[in-house]
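Here are the chains, one letter per residue:
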Amino acid sequence: MKVVIADRSHIKYAEIISETIAESAAVRGTGIARRTPEYIATKMENGNAVIALDGDKFAGFCYIEKWGHGKFVANSGLIVHPNYRGGGLAKQIKHKIFAHSRAKFPEAKVFSITTGLAVMKMNSDLGYKPVPFSELTDDPTFWDGCQTCKNYDVLTRTNRKMCLCTGMLYDPKSKENSKHKLIKEKVFNRLKHIKETMFLKRDKK
């Protein structure tokens, strides 16, 4: 298994990556924005993605998005093929894309919005802190990308202030990064439960 920075030679995997993201969204029943093969191919061409390969078989993927004229970057679309889940590959990919983001955009704040507890835990391990959406990019293009998410109505209903996703931020200028405290998984579980209670039950009424 190898996790490398993607380039044009990996465009042949764009279709299966797009399909795997879509299938994962359907299975989880939570918000994962859809990404077309063309969009994924562009990320590879620009050197803004990492891919995990088992020989010539696709195993995992993640890409970088730049927002607010480079003031923010996001590590998005983290996906592991079903055949390779449960072995720690997601963590390897997450660490690789984070290091690549920090090297390519050293002054940018790195942020994430996710409903996945595993991703929240990995973010915490890297020094991300949970933050309100107001501390994330205000670039409307980023938030427009949430339109393919099944929970988009929650985001619009709260005027983009809150959703089922949790916002997390790594600020390279923060003095706390070198001594950050890990957030326990039960805290993320409680946060997710509170949001689901607030929004999903209201939808059923």
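Residues numbered from 1 in each chain as written. Predicted model: local features only at pLDDT ≥ 70, side-chain atom pairs only at ≥ 80, totals over all residues. Heavy atoms only, no water.

**What about the side chain of T158?**
Relative to the helices and strands, T158 resides in the loop between helix 6 (152–157) and strand 7 (166–170). Look at T158 and you get buried, because its relative accessible area is 17%. A distance of 3.2 Å separates a polar atom in the side chain of T158 from the backbone oxygen of L155. (Helix = DSSP H or I, 4+ residues; strand = E, 2+ residues; numbered from the N terminus. Buried < 20%, exposed > 50% of the residue type's maximum accessible area, 1.4 Å probe, protein only. Polar contact = N/O pair within 3.5 Å; in protein donor to acceptor, adjacent residues only side chain to side chain.)

**Overview of the nonpolar core**
Among the nonpolar cores identified, the biggest contains 22 residues, and A52, V73, L89, I93, F98, V110 and Y128 are the most heavily contacted of them. With four residues, the single largest contributor to this core is helix 3 (residues 89–104). A74, F111, V131 and Y152 belong to the second-largest nonpolar core, a separate cluster that totals 16 residues. (Core = buried A, V, L, I, M, F, W, Y, C linked by side-chain atoms within 4.5 Å.)

**Things to note about helix 4 (residues 117–126)**
Within helix 4, seven of the ten residues are buried, which leaves it mostly tucked inside the rest of the structure. Count one or two residues on from helix 4 and you reach G127, which has phi positive near 110°.

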